[in-house]
Amino acid sequence: MLNKKGLFVILGFLVIFAVTHFVFAPEQFSARLVGTTMLGGVAFLLMTTSIVLSTRLAVFEDWFGGLDRVYQVHKFTGVFSILFVFAHFIGVPKELPAGVDPTVHGLVPSAPLGMVSLVLLVLSLALALNRKISYSRWRPMHKLMGLVYLLVIGHFMTAPAIFFERFSASGYLLIGAAILGLLAFLYSVLGFNKRNKTRFKLETVNSLERATEIVLSPIDKSLAFKPGQFAFVEVQGKGWTEPHPFTISSAPSEDGLRFTLKVLGDWTRKVREELTPGGEVVVHGPYGRFDSTNARSRQVWLAGGIGITPFLSKIRAMNPGDEREITLVYAVRDRSEALFLSEIEEKAKELGNLKVVLLESGLGQFARVDIMKEKLSGSLDSYDYFLCGPKPMVKGLSKDLKAGNVPKNSIHTEAFEFR
Ligand SMILES: Cc1cc2nc3c(=O)[nH]c(=O)nc-3n(C[C@H](O)[C@H](O)[C@H](O)COP(=O)(O)OP(=O)(O)OC[C@H]3O[C@@H](n4cnc5c(N)ncnc54)[C@H](O)[C@@H]3O)c2cc1C
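Just so you know, these numbers come straight off a predicted model, no measurement behind them.

1. Quick notes on the sheet that holds strand 10 (residues 384–388)
Across the sheet, which stays open at both edges, the five strands sit in the order 9-8-7-10-11 with parallel pairing between neighbours. Whereas interior strands pair on both sides, the edge strands pair on one side only; in this sheet they are strand 9 (354–360) and strand 11 (411–414). Sheet twist, expressed as the mean angle between neighbouring strand axes with direction ignored, is 15°. With five bridges joining them, strand 7 (residues 298–304) and strand 10 adopt parallel strand pairing. Directly across from Leu302, in strand 10, lies its bridge partner Leu387. Sitting on the sheet, helix 12 (residues 309–317) touches strand 7, strand 8 (325–332), strand 9 and strand 10, and the angle it makes with strand 7 is about 135°.

What follows is the structure, encoded as structure tokens:
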């Protein structure tokens, strides 16, 4: 669930900027000029927010409820900034404000910088939304957004309405935001956002049904994490591209780390086909807040396919005497796709408080609220729900649970996607 704290902080900054901009607007500025420059300023602050969030600082995970949520907000602030840029572009008066010398204005490049930024922003949006472009190709192009950000700073610093008034209160706010945004950009580009690197040796590569399990042992120190957290896995060696995020599927008490990777694209296929034990793997993290320890004692854990990984870690970490009542609903196409099912069923027998419900869509058993109701002993709203799986399934179930009177804050979801 998206924690609202971070959203309120962003909204708070935008409101402070907008109010300051209106209150301290120069008298000779028309209402249209004040309004449209305010839209441009908001667009810039949203861009800055997007850049600042990509620093992956731990505080943002707390504010938004996990790194996956931070990246969702990073994406939405980026997209919204483009909408504000458009509104600014359409509305801003094309004639110069009163008192601006056209000769002096002709020497500054504000308008062309604005136009180039607008074109590049629209292009980047089209690239980001085009799912046919692979993540590994899109990522380096996306990093060029830092240059667009520089162009936007150039645009507003030389814009007639701001240039001559930039030492107004709202101008100060924009300059402050620009410094923050540039520092955040450098922080990410120089790799400081890949904090907490831990080195591991690859011990085993296990081929599973359309998935691969890798088992790692620590080289210097082990990694402290909570069940449900994820990390970026970076294989050392030629030909291995950027780090990829995977949920840790082992229990924190185990000596090493285990990840279970569904074979989906180039990188996960390469792991299955080419990775051999003995090499070094760097793990960045842990990240994420898919934590069930502080939820109510009656819990439903719903896993769709590879969405079992956070629950694997939770189950492996459970001990006899656990007083919670857990129902694991494991939704798969068919039994053969249910990774680690026999291990989970064995553990359920040992624990006594873990009930396993297998749903096979091939047999017409779908993860739906009415089916869940039949399997649960209590009413729907007496449980906390943890959902991880394909986006449509998680979205649909969350909606149906809310319609079934389950409070929003009792539904916790994990997204396996940043873009
Ligand atoms: C928080 C989180 C936890 C995850 N946990 C698991 C897990 O336990 N098991 C599992 O099988 N999968 C998990 N995933 C998904 C996994 O990261 C992708 O399936 C994998 O990176 C695909 O890489 P690929 O090159 O083989 O496929 P591609 O076809 O290149 O990518 C498929 C999709 O994976 C995502 N992706 C690819 N590369 C990256 C990257 N470097 N960084 C971020 N996202 C990327 C993009 O959304 C992309 O559209 C998780 C994802 C996230 C965000």
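2. What about the nonpolar core?
Membership of the largest hydrophobic core comes to 37 residues, with the highest contact counts inside it found for Phe44, Phe64 and Leu67. The set of elements that each furnish at least two residues to this core consists of helix 1 (5–23), helix 2 (31–53), helix 3 (58–64), helix 4 (67–91), helix 6 (110–129), helix 8 (145–158), helix 10 (169–189) and strand 3 (230–235). Element by element, the count of residues in this core is highest for helix 2, at 10 residues. In terms of domain composition, this core takes at least three residues from each of domain 1 (5–189) and domain 2 (197–287). The residues touching Phe44, leaving out its near neighbours within four places in the chain, are Tyr149, Val152, Ile153, Phe156, Leu174, Ala177 and Ala178.

3. Topic: the packing of aromatic side chains
To describe a pair of aromatic rings, one takes the distance between the centres and the angle between the planes. Taken as a whole and assessed by the stated rule, the structure comprises 14 aromatic pairs. Taking 5.5 Å as the distance between ring centres and 55° as the angle between the ring planes, the aromatic pair formed by Tyr135 and Trp138 counts as tilted. Residue Tyr135 and its partner Trp138 are both found in helix 7 (residues 135–143); the two are separated by three residues, about one turn of the helix. When the centroid spacing of 5.7 Å and the interplanar angle of 35° are considered together, the rings of Tyr187 and Phe192 count as tilted. Accessibility expressed as a relative area gives 28% for Tyr187, which makes it partly exposed. Three or more aromatic residues link up through ring pairs in this structure, and these residues are Phe290, Trp301, Phe311 and Phe386.

4. Examining the site of the ligand
Around the ligand, 22 residues are found, and the nearest of them are His244, Pro245, Lys262, Thr268 and Thr309. At 2.9 Å, a backbone N or O of Pro243 approaches a nitrogen atom of the ligand. Interatomic distance of 2.8 Å between a side-chain N/O atom of His244 and an oxygen atom of the ligand. Protein contact buries 89% of the 880 Å² of open area that the ligand shows by itself. If you list the elements that add at least two residues to the shell around the ligand, you get strand 4 (244–247), strand 5 (257–262) and helix 11 (266–274). Ranked by residue count, the leading element in the shell around the ligand is strand 4, at four residues.

5. Focus: the packing of helix 2 against helix 10
The geometry of helix 2 relative to helix 10 is characterised by a closest axis approach of 9 Å and an angle of 25° between their N-to-C directions. Between helix 2 and helix 10, the angle falls in the class roughly parallel. At the point where helix 2 passes helix 10, the crossing takes the left-handed sense. For the pair formed by helix 2 and helix 10, the contact residues are Gly41, Phe44, Leu45, Thr48, Ile51 and Val52 on the first element and Leu174, Ala177, Ala178, Leu180, Gly181, Ala184 and Phe185 on the second. Taken together, the residues of the contact of helix 2 with helix 10 sort by class into 10 nonpolar, three polar and no charged.

6. Section: a nonpolar patch on the surface
A cluster of nonpolar side chains, Phe8, Leu11, Val15, Val19, Phe22, Val23 and Phe24, forms an exposed patch at the surface whose accessible area comes to about 730 Å². Here Val15 is to be found in helix 1. The class of Val15 is partly exposed, set by a relative accessible area of 47%.

7. Examining helix 13 (residues 341–351)
An α-helix turns once every 3.6 residues. As a result, residues three or four positions apart point the same way. When we look at burial in helix 13, the residues that qualify are Leu341, Ile344, Lys347, Ala348 and Leu351. Along the axis of helix 13, the buried residues cluster in a sector spanning 125°; they form a single face. In helix 13, those exposed residues whose orientation departs by more than 90 degrees from the buried face are Ser342, Lys349 and Glu350. Of the surrounding secondary structure, the elements contacted by the buried residues of helix 13 are helix 12, strand 8 and strand 9. Looking one or two places after helix 13, you find Gly352, whose phi comes out positive at around 85°.

8. Topic: the pattern of salt bridges
Applying the stated rule across the entire model yields 21 salt bridges. In this structure, Glu274 and Lys270 form a salt bridge, with 3.0 Å as the shortest nitrogen-oxygen distance. Note that Glu274 and Lys270 are positioned in helix 11 at a spacing of four residues, about one turn of the helix. A residue is classified by how much of its surface remains accessible, and Glu274, at 47% relative accessible area, is partly exposed. The class of Lys270 is buried, set by a relative accessible area of 19%. Taking the shortest distance from any N to any O, the salt bridge between Lys349 and Glu346 comes out at 3.6 Å. One end of the pair is Lys349 and the other is Glu346, both in helix 13 and three residues apart, which spans about a single turn. Through salt bridges with shared partners, one network takes in Glu61, Asp62 and Arg289.

Calculation criteria
Per chain, residue numbering runs from 1 following the sequence as it is written. The model is predicted, so local features are restricted to residues of pLDDT at least 70 and side-chain atom pairs to those at 80 or more, both for listing and for counting; the totals for chains, interfaces and linings are taken over all residues. Values reported for side chains reflect all heavy atoms of the structure, with hydrogen atoms and water molecules removed beforehand. In short, DSSP must find at least two bridges between two strands for them to pair. In this description a helix means any DSSP run of H or I spanning at least four residues, a strand means any run of E spanning at least two, and both kinds are numbered starting from the N terminus. Interaxial angle, 0 to 180 degrees, is taken between N-to-C directions of lines fitted to C-alpha atoms, where a helix line uses only the stretch in contact. Note on contacts: a residue pair is in contact if any heavy atoms of the two residues lie within 4.5 Å. By nonpolar core is meant a set of buried Ala, Val, Leu, Ile, Met, Phe, Trp, Tyr and Cys residues that side-chain atoms within 4.5 Å join together. In this scheme, a residue with accessible area under 20% of its type's maximum is buried, one over 50% is exposed, and one in between is partly exposed, where area comes from a 1.4 Å probe on protein chains only. Each domain's extent is set by a domain assignment, obtained either automatically or from a database. In this analysis, rings of Phe, Tyr and Trp, with Trp reduced to its six-membered ring, are considered paired at centre separations within 6.5 Å, and the interplanar angle assigns stacked below 30 degrees, edge-to-face beyond 60, and tilted for intermediate values. It suffices for a single heavy atom of a residue to lie within 4 Å of a molecule or strand for the residue to be listed as near it. Polar contact criterion, stated in full: a pair of N or O atoms within 3.5 Å, where within protein one must be able to donate a hydrogen and the other to accept it, and residues adjacent in sequence count only if both atoms are side-chain atoms. Only the protein chains shown count as cover for residues, with accessible areas throughout obtained via the Shrake-Rupley method and a probe of 1.4 Å. Orientation categories follow fixed angle ranges, with anything under 35 degrees roughly parallel, anything over 145 roughly antiparallel, 65 to 115 roughly perpendicular, and all other angles oblique. Here is the rule for handedness: rotate from the far helix to the near one, and if that takes an anticlockwise turn smaller than a right angle the crossing is left-handed, while a clockwise turn gives right-handed. Under the scheme applied, nonpolar residues are Ala, Val, Leu, Ile, Met, Phe, Trp, Tyr, Cys and Pro; charged residues are Asp, Glu, Lys and Arg; polar residues are all the others, including Gly. Patches draw on residues past 30% relative accessible area with no salt bridge. Two like charges within 9 Å are joined, as are two nonpolar side chains (Val, Leu, Ile, Met, Phe, Trp, Tyr) within 5 Å. When a carboxyl oxygen of Asp or Glu is within 4 Å of a side-chain nitrogen of Lys or Arg, the pair counts as a salt bridge. To be clear, the arc concerns the directions from the helix axis to the C-beta atoms.

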